[in-house]
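# Analysis of the macromolecular model
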Amino acid sequence: MAMLTDLINLDLSDCTDKIIAEYIWVGGSGMDVRSKARTLSKPVNDPSKLPKWNFDGSSTGQATGDDSEVILCPQAIFRDPFRKGKNILVMCDCYAPNGEPIPTNNRHRAAKIFSHPDVKVEEPWFGIEQEYTLLQKDTNWPLGWPLGGYPGPQGPYYCAAGADKSYGRDIVDAHYKACLYAGIDISGINGEVMPGQWEFQVGPAVGISAGDQIWVARYILERITEIAGVVVSFDPKPIPGDWNGAGAHTNYSTKSMRSDGGYEVIKKAIHKLGLRHRDHIAAYGDGNERRLTGRHETADINTFIWGVANRGASVRVGRDTEKEGKGYFEDRRPASNMDPYVVTSMIAETTILWEPSHSNGNGVAAP
């Protein structure tokens, strides 16, 4: 008699050419990832060759009950680490039946920015540091923390090893390998300052691909924690008090920044980011005011400052970039629950396309 695990792990390739495609999209809250699967008659590796599909938008907060159909348009394909074989994960965005992007479709606007000739020629690279917190399922309390209590103060947990300092490594490592299998440009992982909190990094990824990869990496993490019976939280400040929050630091460079003389381009770009500080903060994630307090390696949410090797700044430039006169910078303001389509496209828009007017209400402090 076959066991459930035997059936889950069935290899379909020796009995059919059909594959399973898991269509993934961002739900109505802007942070929930939804998915459903369909059978395809043969393997597909080009998203433009995949059929469009639809779902009930009234059940995801993306349509009304009297006109509930929302269209899924495939945009990017990844290997499926759960079903394996030639089965695929498909990142989609959402449209109304008339072809117009629905209000929650942030990918559509981002794609327009990244397809602008002035942006394309600059080949914007992004490296996103996605922090998250693992929670015990029944209590919503961080993994490894005593129920209703607190562990020792921060200090021993960052990049630590040991059963009394590192909680959830099996989940983290499973996610790391699953992302590599899927074809995501995951570049590393590490334990974070608060116990039960971890980070994975994706990039360098070019343009819209960074957003696609972060969303699929989040989906894979949700699936793995589902299997493990653990909850993953992207709240930017899951535990009040003297505990680090969770961010999504976004590293960024353009072709001009990576070329000789790029440091001057970087400084001009940072100046423009400072002029639009309020606009960026408004788009960088909900609840970020609980995280950006000026403590725990953050700058105050109302102040824009930048500096070299300063982890208390809004934007940090690395020592190597300063020394070599070219490279990249890190925007440390985005919250862990930010939309990567919004953040990456907004950084590109501000630094490449936007030109400041003579009047603005934001102060910019330089090092």
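Calculation notes
Residues numbered from 1 in each chain as written. Predicted model: local features only at pLDDT ≥ 70, side-chain atom pairs only at ≥ 80, totals over all residues. Heavy atoms only, no water. Domains from an automatic or database assignment. Contact = heavy atoms within 4.5 Å. Buried area = accessible area lost by both parts, 1.4 Å probe. Polar contact = N/O pair within 3.5 Å; in protein donor to acceptor, adjacent residues only side chain to side chain. Helix = DSSP H or I, 4+ residues; strand = E, 2+ residues; numbered from the N terminus. Nonpolar A, V, L, I, M, F, W, Y, C, P; charged D, E, K, R; others polar. UniProt positions renumbered as here; feature names shortened; annotations may be inferred. Buried < 20%, exposed > 50% of the residue type's maximum accessible area, 1.4 Å probe, protein only. Pairing = 2+ DSSP bridges.

### Describing the domain arrangement of the chain
Each assigned domain of the chain is listed with its residue range as follows: domain 1 (17-104) and domain 2 (115-353). For domain 1 versus domain 2, the separation of C-alpha centres amounts to 26 Å. Opposite the 17 residues of domain 1 that make contact, domain 2 presents 21 residues. Of the roughly 1700 Å² buried between domain 1 and domain 2, counting both surfaces, carbon and sulfur atoms make up 75%. Sorting the residues of domain 1 by area buried against domain 2 places Met 31, Phe 78 and Phe 82 first, and these three jointly supply 38% of that buried surface. The interface formed by domain 1 and domain 2 holds three residue pairs in polar contact (both at pLDDT 80 or more) in total. Taken together, the elements giving at least two residues each to the side of domain 1 that touches domain 2 come down to strand 1 (19-26), strand 2 (33-40), strand 4 (69-79) and strand 5 (88-95). In the side of domain 1 that touches domain 2, the residues fall into 10 nonpolar, three polar and four charged.

### Section: the UniProt feature "domain: GS beta-grasp" (unreviewed entry) in the chain
The UniProt entry lists residues 19-99 under the feature "domain: GS beta-grasp" (unreviewed entry), expressed in the numbering used here. Segment residues 19-99 splits into 0% helix and 48% strand. End C-alpha atoms: 28 Å apart.

### Looking at the pairing of strand 3 (residues 53-56)
Here strand 3 shows one buried face, formed by Trp 53 and Phe 55, and one open face, formed by Asn 54 and Asp 56. As paired elements, strand 3 and strand 4 share four bridges and run antiparallel to each other. Following the sheet pairing, Asp 56 is matched in strand 4 by Glu 69.

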